[in-house]
Amino acid sequence: MIVHVFDSAKSASQAAAAMFAAAILKKPDAVLGLATGSTPIETYRQLVKWHKEGMLDFSRSTSFNLDEYVGLGADHPCGYRYFMQENLFDHINMRETFVPNGLAPNLKAEAKRYDRMIEKAGGIDIQFLGLGNNGHIGFNEPSDRFHYGTQVVELTRSTIEANRRFFESEDQVPRQAISLGTGGIMNARQIVLAAFGKGKAQAVKKMIKGDVDPQVQASILKLHPNAVILLDQEAASLL
Ligand code: F6R
């Protein structure tokens, strides 16, 4: 695990964008693993800028998002498909983009289908991750074990509270999501995790300094051969 601490979240985000740009330049048909939430927004802005300036071409790349809320369709403004269209996909020329279908009538089958599609695409070359306040990656919440494949997950109180800011009221926050498993994330050939702000400092400390522990799902990234952690000063303040 390589840890970089930057003066600002903006510089860290640009570093993440640089890693994605390098991956695509080296392998134009790269398979990108993408995240939603506040953390990747500036990275996506930078990728869009480079694309508009003619530096980055996504036309041979494919992307798979980490997760989607159960019950929210592609046109729901709080859903992750919608987020990705707004912040990235509508502004670039990605060949194909995949987000789990939170409206699938059989969610278990949808989870299996998603894993099969990633496998068929050749696996994820580079995976972007944010970090939950509780140490989650994707929506793999603290647990007594690490989850392997894509699955339907029950969101914990702390995640519901953290994500409440995107919804009008807390009871509108879905209680379930469909998420790539921690094992699926570990299968990515390269991982780029970014975390910003004081609220992440405790989880960052546990991820980097603590034992590998499923109560802090991100702690398993210590075992990944190619994981880069990008932090701002506040997120790194307890290291
Ligand atoms: C989002 C995801 C989550 C977030 C995490 C941090 O697709 O899987 O793990 O990355 O909850 O969220 P933000 O970036 O909003 O602090």
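Fair warning: this is a prediction, and the values are worked out from it, not measured in the lab. (Residues numbered from 1 in each chain as written. Predicted model: local features only at pLDDT ≥ 70, side-chain atom pairs only at ≥ 80, totals over all residues. Heavy atoms only, no water.)

Draft legend 1. Looking closely at the pairing of strand E6 (residues 126-129). Both faces of E6 are covered, namely the face carrying Ile-126 and Phe-128 and the face carrying Gln-127 and Leu-129. Two strands pair when backbone bridges link them, and strand E2 (residues 31-34) and E6 are joined in this way by two bridges, in the parallel orientation. Following the sheet pairing, Gly-33 is matched in E6 by Gln-127. (Buried < 20%, exposed > 50% of the residue type's maximum accessible area, 1.4 Å probe, protein only. Helix = DSSP H or I, 4+ residues; strand = E, 2+ residues; numbered from the N terminus. Pairing = 2+ DSSP bridges.)

Draft legend 2. Layout of the site of the ligand. Around the ligand there are 14 residues in total, and Thr-39, Asp-67, His-136, Gly-138 and Lys-200 lie nearest to it. At 2.7 Å from an oxygen atom of the ligand is found a side-chain nitrogen or oxygen belonging to His-136. A distance of 2.8 Å is found between an oxygen atom of the ligand and a side-chain nitrogen or oxygen belonging to Arg-165. When isolated, the ligand has an accessible area of 410 Å², and the protein chains bury 94% of it. Of the residues belonging to the shell around the ligand, the class tally is three nonpolar, eight polar and three charged. (Near = heavy atom within 4 Å. Polar contact = N/O pair within 3.5 Å; in protein donor to acceptor, adjacent residues only side chain to side chain. Areas by Shrake-Rupley, 256 points an atom, 1.4 Å probe, with all protein chains shown as cover. Nonpolar A, V, L, I, M, F, W, Y, C, P; charged D, E, K, R; others polar.)

Draft legend 3. Main features of the nonpolar core. In terms of nonpolar packing, the biggest core is built from 62 residues, with Leu-32, Leu-34, Leu-47, Leu-88 and Leu-193 touching the most fellow members. When neighbours within four sequence positions are excluded, Leu-193 is seen to be in contact with Leu-129, Gly-130, Leu-131, Ile-137, Met-207, Leu-221, Val-228, Ile-229 and Leu-230. (Core = buried A, V, L, I, M, F, W, Y, C linked by side-chain atoms within 4.5 Å. Contact = heavy atoms within 4.5 Å.)

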